[in-house]
Amino acid sequence: MSQSPDDPNLAGPRQRHVEMGVAVFMMVLGAITIFGSLKVGIRWGAEGPKSGFFPFWIGLIIVGTSGFNLFRAYATPNRKLFAQWGQIAQVLKIVWPMTIYVAAVPWLGIYVSSAVLIIGFMRWLGRYGWPLCLGIGLGLQVVVYVTFEKWFLLSLPKGPLEDLLGL
Amino acid sequence: MESIGDLMGGFAVVLSWQNLLYMVIGIVLGVIIGVLPGLGGANGVAILLPLTFSMSPTSAIILLSCIYWGALFGGAITSILFNIPGEPWSVATTFDGHPMAQNGKAGEALTAAFTSSFVGALFAVVVITLAAPLVASFALQFGPAEKFSVFFLAFCSFVGMGKEPPTKTIAAMMLGFALAAVGTDTVTGQLRLTFGSTELLGGFDFLIAVIGLFGIGEILLTMEEGLHFKGKAAGINPAVVLQTWKELPRYWVTSLRSCLIGCWMGITPAGATPASFMSYGIAKRASKNGDKFGTGEIEGVIAPETAAHAAGTSALLPMLSLGVPGSPTAAVLLGGLLIWGLQPGPLLFVEQKEFVWGLIASMYLGNIVGLIVVLTMVPFFAAILRIPFAIIAPVILVICAIGAYTVHNNTFDVVMMMVFGVAGYFLKKCNYPLAPLVLAIVLGDKAEEAFRQSLLISQGSLGVFWSSGLVSTIMTLGLIALFWPFLSNVYGRVLTPALRK
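To start, this report covers the structure provided alongside it. Since the model is a prediction, treat every value here as computed from it, not as a measurement.

1. Details of the overall build of chain A
- A count of helical and extended segments in chain A gives five helices and two strands.
- Each helix (α) and strand (β) of chain A, taken in turn from the N terminus, gives the series α-β-β-α-α-α-α.
- What you see for chain A is a C-alpha radius of gyration of 24 Å, clearly larger than the 15 Å of a compact globule of 167 residues, by over 25%.
- Projected onto its principal axes, the C-alpha positions of chain A cover 60 × 60 × 25 Å.
- Across the 167 residues of chain A, 43% fall into the buried class.
- Counting only contacts in chain A whose residues sit at least 6 apart along the sequence, the fraction spanning at least 24 positions is 60%.
- Within chain A, the 7 negative side-chain charges are centred at a point lying 7 Å from the centre of the 13 positive side-chain charges.

Now the structure itself:
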């Protein structure tokens, strides 16, 4: 399959650029590990190797192998796409509602956030009618409540609505 | 033959109505997990693990290991009917399984797949029954250096046997070790790599990583592909099953070979996925119908399914006897053992005899129950797959979030799950293997402890890893595995042209 980067439908970030980005990110994580290890000591102490001894070498290997991966992605000419813009838009359609959901759980509790996520997602992407959306969105909350709180006695995060209902 | 007696004791433990019920629930849940995109053996078990905290360890491991068997069975259904591998290890099953379904032989393909899975698992369980106690009693004499060498070999096998570029495998693995190091140093009790954050005091929990990397990451990948499920109708009736069963014994050589490949790859932690590919490849070369592979040959279903299931099951052998899991799901089960207060490793066979043999007995029974459940319930599972992705995706996301929260009752973990999910999407797209990353998070502390204790004994000399015959053999094998891609590359470049001349 030949992909022309000029065709707007087939455009998108290149695989090698994303690979380079991932390699740089890993190098940063490796550097943080090295830095953190140096802070607690990487040499021998009274009780043998200090706490930073092992992670220090781990960090060095991460930086080394990621550096190699970075070089190889840079040196290999490859026009393959990471994904088309349309596909990335598709992925973002789930990433951003999920990010809001994750941020909302501590404030609204897991039941309300989950119901909103499911109903919103089904209405927006699936274009289902309200009865089905509400049925699944709210029905799952009841199932989860009964399974976790009543059967397995595990308490899930709750928000203002649950306080109001006295649950 | 002491182990036969112990096994009988195990059956006595397992054969209660409650445990049999857990088995059926586990298998059904497992198949559903295996069928759905975004849920797999590893994160399915990870999500349900917190629910078992209040159960007895034996019942809990029966439930969770049956989910694992169920997920192994379930992958075949999606591969054959929908041409979508529900699990990575069932990719090779699509090659011949789906063409068979297209030719109207879905029933035969499914029966062959399930039966082969069952045979592979049974073979692996027999291997575990006979070998695990021996390995465990041998490993009882291990000191820190030997322990570290086993970890070393396990991790080097990923580099040697993985299909990903070696430097990416090493980078992913080391990232796992770095994540494992965050928090309290298990040897000295000192805090490290937390950078003053209170959330990181406890370190990164591998369960959160598993749910994020495998669950959320998988959903994102599925979303990108914009999946439309177009499946073949599933019909299994007793006549088809009996007909296929009559045919299967003819392929006993393929079966046996696949069992052996599977067990080997499962015990050395290469895992079910490479095992299924390798078994398929070898069957294709060895079979006289090899050129017809890919057009719907039943042998092309038997080979990968047998190997995948044998590998998936035998991955529990090193987990139980050495404390080194052979697959991500085995790693999650190992994490479960730690949470229930059991110490995996050779001592388990001495101190928790009832638990170990109960588990091994449940493997026999679980796979029999599994075979019956999948053969009778295929239409139900296929119907689940027809639920549109716009409904299933948010439900799976919510289940993952609840699973992540219940690990420590902490909402920060839900945030971390999301971070791991996005990271998993990029790592997977860039061909970084996730299994060694997860295994490194699980085993990081133990490997480090063994390494530091060994150095303490030798006063800092690395010679301790070559101080006895046993430890140097294991370390040398590890080094060979580590440099295997490099060695085979050199061999290919230098020796093959030389031989041609």
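2. Digging into the overall build of chain B
- Counting secondary structure elements, chain B contains 21 helices and two strands.
- Whereas a compact globule of 501 residues would reach a radius of gyration of roughly 23 Å, chain B reaches 22 Å, a difference of no more than 12%.
- If one aligns the C-alpha atoms of chain B with their principal axes, the spans along those axes are about 70 × 65 × 50 Å.
- Considering chain B as a whole, with its 501 residues, one finds that 62% of them fall into the buried category.
- Contacts in chain B between residues at least 24 apart in sequence constitute 78% of all its contacts with a sequence separation of at least 6.
- In the form shown here, chain B has an accessible surface area of approximately 18,100 Å², with 66% of it arising from carbon and sulfur atoms.
- With 23 positive and 24 negative side-chain charges, chain B shows a separation of 13 Å between the mean positions of the two kinds.

3. So, the interface of chain A and chain B
- Listed by partner, the interface residues are 63 residues for chain A and 56 residues for chain B.
- Summed over both sides, the interface of chain A with chain B buries roughly 5,300 Å², with 80% coming from carbon and sulfur.
- Viewed at the interface, chain B and chain A are joined by one salt bridge.
- Put simply, Lys168 of chain B and Glu19 of chain A hold a salt bridge, and the shortest N to O gap is 2.6 Å.

4. Remarks on the layout of surface pockets
- For the second largest pocket, the calculated volume is near 940 Å³.
- Forming the walls of the second largest pocket are 30 residues, and the residues nearest its centre are Val143 of chain A together with Leu29, Ile32, Leu48 and Ile399 of chain B.
- When contributions to the lining of the second largest pocket are tallied by element, the ones reaching two or more residues are helix H4 (130-151) of chain A together with helix H2 (17-35), helix H3 (41-48) and helix H18 (389-408) of chain B.
- Looking at the lining of the second largest pocket residue by residue, the class counts come to 27 nonpolar, three polar and no charged.

5. Observations regarding the side chain of Lys168 of chain B
- Tracing the chain through its elements places Lys168 of chain B in helix H8 (residues 166-181).
- Residue Lys168 of chain B is classed as buried on the basis of its relative accessible area, which comes to 5%.
- Beyond its immediate sequence surroundings of up to four residues, Lys168 of chain B is in contact with Glu19 and Asn69 of chain A together with Cys430, Asn431, Tyr432 and Pro433 of chain B.

6. Some details on the packing of helix H11 (residues 252-267) of chain B against helix H12 (residues 272-286) of chain B
All names here are of chain B.
- Orientation of H11 relative to H12, taken along the N-to-C sense of each, is 150°, at an axis distance of 9 Å. With respect to H12, the axis of H11 lies roughly antiparallel. At the point where H11 passes H12, the crossing takes the right-handed sense. Listed contacts from H12 to Thr254, Arg257, Ser258, Ile261, Gly262 and Met265 of H11 are Pro274, Ala275, Met278, Ser279, Ile282, Ala283 and Ala286.

Here is what the cut-offs are and how they apply
Residues numbered from 1 in each chain as written. Chains lettered and ligands numbered in written order. Predicted model: local features only at pLDDT ≥ 70, side-chain atom pairs only at ≥ 80, totals over all residues. Heavy atoms only, no water. Helix = DSSP H or I, 4+ residues; strand = E, 2+ residues; numbered from the N terminus. Rg over C-alpha atoms; globule rule 2.2 N^0.38 Å. Buried < 20%, exposed > 50% of the residue type's maximum accessible area, 1.4 Å probe, protein only. Contact = heavy atoms within 4.5 Å. Lys, Arg positive; Asp, Glu negative; His and termini not counted. Charge placed at Lys NZ, Arg CZ, Asp CG, Glu CD. Areas by Shrake-Rupley, 256 points an atom, 1.4 Å probe, with all protein chains shown as cover. Buried area = accessible area lost by both parts, 1.4 Å probe. Salt bridge = Lys/Arg side-chain N within 4 Å of Asp/Glu carboxyl O. 1 Å grid on protein atoms, 1.4 Å probe; cavity = no way out; pocket = protein on both sides within 12 Å on 5 of 7 lines; lining within 4 Å. Points joined across faces, edges and corners; volume = space filled by probe spheres on them. Nonpolar A, V, L, I, M, F, W, Y, C, P; charged D, E, K, R; others polar. Axes fitted to C-alpha atoms, helices over the stretch in contact; angles between N-to-C directions. Parallel < 35°, antiparallel > 145°, perpendicular 65-115°, else oblique. Left-handed = near helix turned anticlockwise from the far one by under 90°.

Bear in mind that shape data such as this cannot, by itself, settle questions of function.
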